[in-house]
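Listed below, chain by chain, are the residues.
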Amino acid sequence: MNIVYRKIREDDVEGAIALEQASFADPWPRSAFAEIVDKSDADYYLAEDTDTGTLAGGCVVFRILDEGDITNVAVDERYRGQGIATQLLKYAIEQNEALGIEDFTLEVRQSNAAAIRVYEKCGFESAGVRPGFYDHPKEDGLIMWRYKEGR
Ligand SMILES: CC(C)(COP(=O)(O)OP(=O)(O)OC[C@H]1O[C@@H](n2cnc3c(N)ncnc32)[C@H](O)[C@@H]1OP(=O)(O)O)[C@@H](O)C(=O)NCCC(=O)NCCS
């Protein structure tokens, strides 16, 4: 296994859609992935296993002024528990800091202990709850923030 972190290209879109559908109860529609390749205020970052050409993980960052909103964090089941989500997020954060993004936010299901652990390892802290934020099943969302160092 040799994992490389990079931005999505057009020929990765099918893999990103498959990962999304395998990972979430309410996956993004196909059209959203095709659009994100061309957007200037958002990027899809991925982890590729270059030994097999497998798309092992992905995440999206939306940029609004100097804030980054992180969504769609997912790692293929076969690749979980090896630090890939943590490395991918650190990579995505670095890439966006270089573009002037200072603070990052995200929402996560309150029961999603593995994801919360990943976010804490990347410097995120809990900042509140959005009641009933998620469907299928209905669940509260934990809001997390990662502020620029020194703030
Ligand atoms: C959440 C997810 C992205 C994590 O990917 P990953 O590559 O396995 O993450 P990492 O290996 O970087 O880190 C996982 C951490 O969670 C911990 N963990 C795993 N399962 C856990 C559980 N049930 N309870 C608590 N911690 C758990 C691991 O021990 C590890 O922490 P450690 O390094 O301190 O030991 C992956 O499980 C996934 O795709 N889940 C489905 C989609 C999803 O829920 N995405 C998040 C949406 S907000």
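Since the model is a prediction, treat every value here as computed from it, not as a measurement. (Residues numbered from 1 in each chain as written. Predicted model: local features only at pLDDT ≥ 70, side-chain atom pairs only at ≥ 80, totals over all residues. Heavy atoms only, no water.)

Novice: Mind showing me how you'd approach the site of the ligand here?
Specialist: Every one of the 22 residues lining the ligand counts as a neighbour, but Val73, Gly81, Thr86, Asn112 and Lys121 are closest to it. The contact in question runs from an oxygen atom of the ligand to an N or O atom on the backbone of Val75, over 2.8 Å. Here the ligand loses 67% of its free accessible area of 970 Å² to cover by the protein chains. Put simply, the parts of the chain that give the shell around the ligand at least two residues each are strand S4 (67–75), helix H3 (84–97), strand S5 (103–109) and helix H4 (113–121). Classifying every residue of the shell around the ligand gives 12 nonpolar, six polar and four charged. (Near = heavy atom within 4 Å. Polar contact = N/O pair within 3.5 Å; in protein donor to acceptor, adjacent residues only side chain to side chain. Areas by Shrake-Rupley, 256 points an atom, 1.4 Å probe, with all protein chains shown as cover. Helix = DSSP H or I, 4+ residues; strand = E, 2+ residues; numbered from the N terminus. Nonpolar A, V, L, I, M, F, W, Y, C, P; charged D, E, K, R; others polar.)

Novice: When you look at the packing of H3 against H4 in this model, what are you seeing that I'm missing?
Specialist: Look at H3 against H4: their axes get within 9 Å of each other, and the N-to-C directions meet at 45 degrees. Between H3 and H4, the angle is such that the two are oblique. As H3 packs across H4, the resulting crossing turns out to be right-handed. In this structure, H3 contributes Ala85, Thr86, Leu89 and Lys90 to the contact, and H4 contributes Val118, Tyr119 and Lys121. A per-class count over the contact of H3 with H4 returns four nonpolar, one polar and two charged. (Axes fitted to C-alpha atoms, helices over the stretch in contact; angles between N-to-C directions. Parallel < 35°, antiparallel > 145°, perpendicular 65-115°, else oblique. Left-handed = near helix turned anticlockwise from the far one by under 90°. Contact = heavy atoms within 4.5 Å.)

Novice: So what exactly am I meant to see when it comes to unusual backbone geometry here?
Specialist: For residues besides glycine, phi is generally negative; the peptide bonds are generally trans as well. Between His136 and Pro137 the backbone carries a cis peptide bond, its omega angle lying at -5 degrees. Here Pro137 is to be found in the loop between strand S6 (125–134) and strand S7 (139–146). One non-glycine residue, Leu65, lies in positive phi territory at about 55 degrees. Structurally, Leu65 is set in the loop between strand S3 (54–64) and S4. A positive phi angle, near 55 degrees, is found at Asn72, a position not held by glycine. By secondary structure assignment, the location of Asn72 is in strand S4.

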